[in-house]
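# A structural walkthrough
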Amino acid sequence: MPELPEVEVVRRGLQPAVFGATVRAVEVRDGRALKRHAGDALDFVDRIEGAVLGEPQRRGKFLWIPFDADFALMAHLGMSGQLLVRPVGSLDERQLRVRMRIERGGGALELRFSDQRLFGSLAVDRLLPSDDGELLPSQVGHIARDPLDPAFDVDAVVQRLRASGRNIKALILDQQLVSGVGNIYADEALWRARLYWGRPGRSISVAKLRELLGHVELVFQDALAEGGTSFDALYVNVNGESGYFSRSLHVYGRQGEPCDRCGTAIVREKFMNRSSYFCPRCQRGR
DNA sequence: TAAGTCTCCTGGCAGC
DNA sequence: TGCTGCCAGGAGACTT
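Residues numbered from 1 in each chain as written. Chains lettered and ligands numbered in written order. Predicted model: local features only at pLDDT ≥ 70, side-chain atom pairs only at ≥ 80, totals over all residues. Heavy atoms only, no water.

Turning our attention to the environment of K61. Note that K61 resides in the loop between β2 (57-59) and β3 (62-67). Among the residues examined, K61 registers a relative accessible area of 15% and is labelled buried. Between the C-alpha atoms of K61 and D115, which are 54 residues apart in sequence, the distance is 15 Å. Here K61 is in contact with P2, E3, L4, V7, A75, H76, Q175, G180, V181 and G182, once residues within four sequence places are set aside. (Helix = DSSP H or I, 4+ residues; strand = E, 2+ residues; numbered from the N terminus. Buried < 20%, exposed > 50% of the residue type's maximum accessible area, 1.4 Å probe, protein only. Contact = heavy atoms within 4.5 Å.)

Dropping the structure here:
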């Protein structure tokens with residue numbers, strides 16, 4: 001599932017193909033892939049056709065490509081969304097939702113949005129200045145900076161985590177506190193920090209919270225180096241290739257398997273209608 | 001206001 | 001073989 005490392009892999013893959021390219025034609029095959037777009041499919045096509053694409057940007061799991069001065073093509077991959085760069089005329093993906101023909105320097109390519117579960121979306125969104133003057137799509141304005149952002153303020157985030165009685169996993173999944181973290185990397189960072197997911201934020205020391213955020217950053221960097229996490233065909237890079245970080249996971253999806261640190265069987269618990277994996281010996285506090 | 005729950009959606013899979 | 005129901009989860013809406 002696309003979390004920050006997977007989205008960053010996609011952003012880097014898009015850069016050489018789309019930067020400076022002109023959108024010549026757009027085909028919306030499924031309007032449900034435009035849930036975040038304020039208008040209908042015709043409006044989307046009207047706004048994006050003829051646009052000259054800028055440099056792909058990212059905050060957390062949101063990705064956007066600015067065009068003109070005030071607008072951007074924004075994408076959120078949800079659980080199964082894929083942004084693919086394909087040669088013109090290549091075989092369609094089974095869940096192809098939107099196709100854009102782009103041209104640059106006399107060459108043509110297709111930028112495709114494919115999404116099996118339709119939790120992802122494309123949109124044309126207006127760019128607005130944030131509090132610190134950065135231009136962000138209007139739908140990204142409330143998203144916090146992520147740990148790979150040079151301006152990420154560890155102390156400010158720790159302060160907010162310490163002020164809450166919510167469990168620490170819910171807190172680091174809250175994109176308004178720290179962005180980019182999803183279920184997989186939350187479990188992995190908590191395992192590395194030896195923290196049980198259910199502990200209230202206010203019960204954890206400042207030093208431990210700083211350590212946890214450090215582990216979030218490290219697990220992101222490690223996953224990025226391996227091209228992200230792919231369990232199946234749900235996440236691939238812009239060329240349709242899988243990442244390899246799933247081989248390096250310590251707890252996520254490993255119920256019943258021995259902990260890599262102490263050998264105790266990994267446990268799975270229900271958490272907010274989803275799963276939380278942890279080592280009951282290394283991560284105490286239930 | 002904070003915290004928890006529900007909804008959207010599809011394909012894979014287990015159980016019958 | 002075919003049907004049913006469960007599971008996965010990001011983000012926003014909704015409820016408590």
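Our focus in this paragraph is the nonpolar core. Counting 41 residues, the largest nonpolar core has L161, I168, I172, V181, L190, L212 and F220 as the members making the most contacts within it. At the level of secondary structure, the elements contributing two or more residues to this core comprise α3 (154-162), α4 (168-173), α5 (183-193), α6 (206-225) and β11 (274-278). With residues up to four places along the chain from it excluded, the contact list for V181 reads E3, K61, I172, L173, Q175, A186, V216 and F220. (Core = buried A, V, L, I, M, F, W, Y, C linked by side-chain atoms within 4.5 Å.)

Taken together, the neighbourhood of DNA strand B is formed by R32, Q95, Q116, R117, L118, F119, S164, G165, R166 and M272. Here the atoms of DNA strand B within 4 Å of the protein split so that 70% fall in sugar or phosphate, with bases taking the remainder. Contacts to DNA strand B include R32, whose side-chain N or O atom sits 2.5 Å from a phosphate oxygen. For DNA strand B, a base oxygen lies 3.4 Å from a polar atom in the side chain of R117. Within the surface near DNA strand B, the residues separate by chemical class into three nonpolar, four polar and three charged. (Near = heavy atom within 4 Å. Polar contact = N/O pair within 3.5 Å; in protein donor to acceptor, adjacent residues only side chain to side chain. Nonpolar A, V, L, I, M, F, W, Y, C, P; charged D, E, K, R; others polar.)

Quick look at the protein's contact with DNA strand C now. Around DNA strand C lies a shell of 16 residues, among which H76, M79, F119, Y252 and R268 are the nearest. The contact atoms of DNA strand C, taken as those within 4 Å of the protein, divide so that sugar and phosphate hold 57%. Residue K61 places a side-chain N or O atom 3.3 Å away from a phosphate oxygen belonging to DNA strand C. At the level of elements, β10 (267-271) and β11 are the ones that each hand at least two residues to the surface near DNA strand C. Tallied by class, residues from the surface near DNA strand C come to four nonpolar, six polar and six charged.

With antiparallel pairing, the four strands of this open sheet are ordered in space as β1-β6-β7-β5. At either end of the open sheet lies a strand with only one pairing partner, and these are β1 (22-28) and β5 (81-87). This sheet shows a mean twist of 20° between the axes of neighbouring strands, independent of strand direction. Pairing between β1 and strand β6 (residues 96-104): six bridges, direction antiparallel. Residue pairing in the sheet places V23 in a bridge with I102 of β6. Its contacts with the sheet put helix α2 (residues 41-48) on β1 and β6, and the angle it makes with β1 is roughly 170°. (Pairing = 2+ DSSP bridges. Axes fitted to C-alpha atoms, helices over the stretch in contact; angles between N-to-C directions.)

So, on to the sheet that holds β3. In spatial order, the strands read β2-β3-β4-β8-β9; together these five strands make up an open sheet with antiparallel pairing. A single partner strand is all that each edge strand has here, and the edge strands are β2 and β9 (135-137). Here the average twist between neighbouring strands, direction ignored, is 35°. As judged from the six bridges shared by strand β4 (residues 71-76) and strand β8 (residues 121-129), these two strands associate in the antiparallel manner. Note on β8: the bridge partner recorded for H76 is S121. Helix-sheet contacts for helix α1 (residues 4-18) involve β2 and β3, and the interaxial angle to β3 is about 20°.

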